Amino acid sequence: MYAYENINRTPRERAHDLLSHMTLEEKMGQVNCYFVINPGEYDGLDEFPYGVGEVSALQMRLQKTLEESTRMQREIQKRVMDASPHHIPAIFHMEGLCGAYLQGAASFPSGIGRGSSWNPALEEQVGRIVGEQERAVGITHTLAPVLDISRDSRMGRQGETYGEDPTLAAAMGSAYVKGLQAERTDGRRSEGVAKHFLGFHAGEAGIHGAHCEISPRLLRELYAKPFQAAITESKLRGIMPCYSSLNGEPVSASHAVLTDLLRCEMGFDGVNVSDYCAVNNIFEVQHVTESRTGAGLRSMTAGMDVEMQLKQCFNDELMEWFRDGRADIRILDTAVLRVLEAKFRMGLFEHPYAMNTEEVREIFEKKENEQVILQSALESLVLLKNDGTLPINKKVKKVALIGYHGQTGRINFGGYTHFSMAEGDLAARTSMAGLAGGSGKSAAMDTIPGTQIQQDHPKFEAVLKRQKPQVKSLYEQLCRALTDAEVTYAFGYHFAGTDESQFEKALQAAHEADVVIVTLGGKHGTSSIASMGEGIDAVDINLPPCQEHFLEKLAVLKKPVVGVHFNGRPISSDAADHCCNAIMEVWNPAEKGSEAIVAALLGYYNPGGKMPVSTSRCAGQIPVYYNHPFGSSTHQGESIGFVNYVDMVHKPRYCFGHGLSYTTFKYENLFLDRSEVPAGDKVIICLDICNTGGMAGDEVVQLYVTDRYASMTRPNMELAGFVRVNLDSGEKKRIRFTLPVSQLAFLDSELRWKVEAGDIDVMIGSSSEDIRLRGNFRITGDCHVDGRSRGFYAGVEIKDCE
């Protein structure tokens, strides 16, 4: 028995031994990826005669049954292992942001929707379900979570993120990874691949994949924090670098980012896998290096371990460079060693194949998962505005539902869901990076008036009926819930464009109704059928003209109006603010979305979500974010200029952390266990919260801190901790935060993590602008800390009040 065959050895020991037995050809196979074009046709494997490191399972999105998916994995894995002289299995990868791309898999709300829950415990359950379902079919690299920080609503992928705040993203992302990687299924363990390292959403002009200029301090303090937290707290083992150039160098070719920062500073010891075609982009798009092979060597030297999804730059010519010494073989050995160690950690050598179909089906049909899916949808809902119109009286006689979104359950599914990816495959033009060359598919298409967006077609509805036949539209769900009322539906307007041809019928329906529900927003998805998504950016972040104009006409009727907003970016509309009596942000709440929305509209559920981003009033206000530095935005200072723009206020439309409820909450009895604390210690911060209204509900208690005076310019306030607590009417709970002082560390003038002596203000509130309690403490000395082990978010306990 060779050492690598001994299961009692560590994964690293086994990987080192196996590497010593491998030929150059077999090593090169391990840094390559096989992309399945047509399930059932695997001739492309001939390109990898000595095995392959990764297999893309993306096209499982097209399979109609779990049996087809398990058969695909088994057939490909057998061929890969048979080709490999040492029978090395491949890692199969798949997206996992909102669930697996598999028939019958759980589908969850968009990232920004789950960020609105402010509930890491629930997010851990989401990660657990995604991991278990993917492992069942042999997939062990889950390309999630998305740990990008988003401050720009023009960027079409904002809906994939947890929002603008690094503490919120750190807590949510770490929880997802913990759930994903915690268990084994049939002997296999998942490893998350967090995206998109680093600073991806800071691309110039809000353009996908565009160049980023980010200072070393901001890069580490803001953008790297969620990744560092997931590495430290949850042992994250996979990273996908972003497409962008960062400070003049493609991230996928940057030794400074992928090795010096990620591995040396942050302590990451897992596998770097490229985004699709990102290594090739170094040469073809960013014009760095003079050949694909040169790009491949540059990328691998920088710290990239696997090129996905095609063999373009980690190619045969590069293999010859390693053979004849033009490239240092140690670079290849380092990458291969990381891939092999991951495979041993995952248990693939002993358990390479998907479970049988019946076993897989049992996992997919677990009843307890249904409650997590529903809870995730419910907790994603944010009540932005309400004058008492919500909840709708259940004795209402006539309700008018208006807008494109009300007629189809498809709108519940945002980008990077199984449905969106399958629907997008039928679109006339492709927008997905790495899957489209140039403009992608270029079939002729009818467009929505005033846009470049493809018109709707029954074939897209057919995809939903095949994938999720149980999913109801908002109209169907309202009719089911309001059995004693007349619910009418009118199309009214599209999700984009300028068409007003159906206004008259919709306004007539509104005129005859007691309450009007208007569905608003765009379509968060993929390709030419969406108004935002990957590669689908916009300069206008407000509602489309057709919706703005309709709301203006609707206001004349003076009817109670409820706005329900769907999209991957937050609603921003002067007309909606003026016309709507209530506004609910629902994002893309997935398969149980209609059920969740109706429950909230009718008061069966009390919405308690909070905004994970600050809402810009228009694109010209971008970026606007709550944790801006002193001397900026609303803290500009009167001695420098006017307190607002000449044509707009500096403040956002809706602030970070905002979200209303059907009940009220009282904050009281703030207590800090000390007024002075050494730099290496912690502070206990307690308060009581009571539901003083007449309905049970959730409140997200938010802990903010401000470093009053520091040696570097600091944020005017920062989220330090939070907790979502459910309280019955009249119920009171005690919240106990434990704040490690190391969490207040920042990079000093020499870019060393430093806790600095000084006064810290403590603020407890219902949002970043609705502060209910204030206190303070003083740090009594300076100290430098290890950035890898510093605090990332305050611990929290919920206790009964005595």
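Placed above this text is the structure.
Please read these numbers as outputs of a predicted model, since none were measured by experiment. (Residues numbered from 1 in each chain as written. Predicted model: local features only at pLDDT ≥ 70, side-chain atom pairs only at ≥ 80, totals over all residues. Heavy atoms only, no water.)

> Got a sec to walk through helix α22 (residues 593-601)? Specific residues and values, please.
Note: α-helices contain 3.6 residues per turn, so residues at a spacing of three or four share the same orientation. The element α22 is largely enclosed, with a buried count of eight among its nine residues. Among the residues making up α22, those that are buried are G593, S594, A596, I597, V598, A599, A600 and L601. As for α22, its buried residues are in contact with α15 (367-379), α18 (474-481), β15 (515-521), β18 (561-566) and β19 (582-587). (Buried < 20%, exposed > 50% of the residue type's maximum accessible area, 1.4 Å probe, protein only. Helix = DSSP H or I, 4+ residues; strand = E, 2+ residues; numbered from the N terminus. Contact = heavy atoms within 4.5 Å.)

> Explain the sheet that holds strand β27 (residues 753-755) to me, and be specific about the residues and the numbers.
Judged by pairing direction, the sheet is antiparallel, and its three strands sit side by side in the order β26-β27-β30 without closing on themselves. Because the sheet does not close on itself, it has two edges, and the strands there are β26 (746-747) and β30 (783-784). Summarising the sheet, β26 and β27 pair through two bridges and their orientation is antiparallel. Residue pairing across strands places L747 opposite W753, the latter belonging to β27. (Pairing = 2+ DSSP bridges.)

> Can you lay out unusual backbone geometry for me, pointing to particular residues and giving the numbers?
Between K195 and H196 the backbone carries a cis peptide bond, its omega angle lying at -10 degrees. Note that H196 resides in strand β7 (residues 191-197). In this chain, L390 is followed by P391 through a cis amide linkage whose omega measures 0 degrees. Tracing the backbone through its elements, the reader meets P391 in the loop between β12 (382-386) and β13 (398-402). Its identity is not glycine, yet N247 carries a phi of approximately 55 degrees, on the positive side. Within the secondary structure, N247 sits in the loop between β9 (245-246) and β10 (249-250). The exposure class of N247 is partly exposed, given its relative accessible area of 39%.

> Could you give me a rundown of the sheet that holds strand β31 (residues 795-800), with the residues and numbers involved?
The sheet built from four strands is open, its strands ordered β20-β22-β25-β31 with antiparallel pairing. Looking along the sheet, the strands with just one partner apiece sit at the ends: β20 (665-672) and β31. Neighbour-to-neighbour, the strand axes of this sheet turn through a mean angle of 20 degrees, independent of strand direction. As judged from the six bridges shared by strand β25 (residues 732-740) and β31, these two strands associate in the antiparallel manner. Note on β31: the bridge partner recorded for K733 is D800. (Axes fitted to C-alpha atoms, helices over the stretch in contact; angles between N-to-C directions.)

> I'd like to hear about the packing of helix α5 (residues 120-136) against α15, residue by residue, with values.
Where α5 contacts α15, the axes come no closer than 10 Å and their chain directions differ by 135 degrees. It follows that α5 is oblique to α15 by the angle criterion. Crossing handedness for the pair α5 and α15: left-handed. Along the contact surface, α5 presents L122, Q125, V126, R128, I129 and Q133, while α15 presents N369, V372, Q375, S376 and E379. Each residue belonging to the contact of α5 with α15 can be placed in one class, and the counts come to four nonpolar, five polar and two charged. (Parallel < 35°, antiparallel > 145°, perpendicular 65-115°, else oblique. Left-handed = near helix turned anticlockwise from the far one by under 90°. Nonpolar A, V, L, I, M, F, W, Y, C, P; charged D, E, K, R; others polar.)

> Please give an account of the side chain of R790 that cites residues and values.
Examined against the element boundaries, R790 turns out to sit in the loop between β30 and β31. A distance of 2.6 Å separates a polar atom in the side chain of R790 from the backbone oxygen of G787. (Polar contact = N/O pair within 3.5 Å; in protein donor to acceptor, adjacent residues only side chain to side chain.)

> An account of the state of the cysteines is requested, with residue identities and associated values reported.
Going through the model one piece at a time under the given rule, you end up with zero disulfides. With no disulfide of its own, C33 lies 10 Å from the sulfur of C277, the closest cysteine sulfur. According to the relative accessible area criterion, C33 is buried, its value standing at 1%. Cysteine C546 remains unbridged, with the sulfur of C580 as its closest cysteine sulfur at 14 Å. (Disulfide = S-S within 2.5 Å.)

> If you had to explain the pattern of salt bridges to someone new, which residues and values would you point to?
Opposite charge on two side chains allows them to pair when their charged atoms are near. Per the counting criterion, the structure on display carries 61 salt bridges. Between R71 and E67 there is a salt bridge whose closest N-O contact spans 3.6 Å. Of this pair, R71 and E67 both sit in helix α3 (residues 66-83), four residues apart, which is roughly one turn of that helix. According to the relative accessible area criterion, R71 is partly exposed, its value standing at 39%. Overall, E67 belongs to the partly exposed group, its relative accessible area being 41%. The shortest N-O distance in the salt bridge between K754 and D782 comes to 3.8 Å. Pair noted here: K754 is in strand β27 and D782 is in the loop between β29 (771-779) and β30, with a separation of 28 residues, a long-range link. Sharing partners across several salt bridges, the network here consists of R410, E423, D456, E461 and K523. (Salt bridge = Lys/Arg side-chain N within 4 Å of Asp/Glu carboxyl O.)

> Hey, could you go over helix α7 (residues 216-223) for me, with residue numbers and the actual values?
The complete set of buried residues in α7 reads L219, R220, E221, L222 and Y223. For α7, the secondary structure elements touched by its buried residues are α6 (166-181), α8 (225-234), β9, α9 (255-265), β26 and β27.

> Before we move on, can you summarise the side chain of Q77 with the specific residues and values?
On the secondary structure map, Q77 appears in helix α3. In terms of polar contacts, Q77 uses its side chain to reach the backbone carbonyl oxygen of P352, at 3.0 Å. In contact with Q77, not counting residues within four places along its chain, are P89, A90, F92, P352 and Y353.

> Can you tell me about the nonpolar core, naming the residues and giving the values?
Counting residues in hydrophobic clusters, the biggest one holds 136 residues, and the most contacted among them are Y34, I76, L102, F197, F322 and Y704. If you tally residues by element for this core, the top one is helix α13 (residues 329-346), at nine residues. Sequence-distant contacts of Y34, that is, excluding residues within four places in its chain, are made with E41, Y42, G44, L45, F48, V52, E54, V55, S56, I76 and Q309. (Core = buried A, V, L, I, M, F, W, Y, C linked by side-chain atoms within 4.5 Å.)

> Give me the lowdown on the packing of aromatic side chains, citing residues and values where you can.
Inspection of the entire model under this criterion finds 15 aromatic pairs. Seen from their ring centres, Y2 and Y4 are 5.8 Å apart, and the 10 degrees between their planes marks the pair as stacked. Note on Y4: relative accessible area 8%, which makes it buried. Ring geometry for F197 against F227: centres 5.1 Å apart, planes inclined by 85 degrees, an arrangement best described as edge-to-face. With F197 in strand β7 and F227 in helix α8, this pair connects stretches of sequence that are 30 residues apart. Among the residues examined, F197 registers a relative accessible area of 0% and is labelled buried. Judged by its relative accessible area of 1%, F227 falls in the buried class. The cationic tip of R151 hangs over the ring face of Y625; the distance from NZ or CZ to the ring centre is 3.4 Å. Lying over the aromatic face of Y604, K394 brings its terminal NZ or CZ to 4.9 Å of the ring centre. (Phe/Tyr/Trp six-rings, centres within 6.5 Å; stacked < 30°, edge-to-face > 60°. Lys NZ or Arg CZ within 6 Å of the ring centre and 35° of its normal.)

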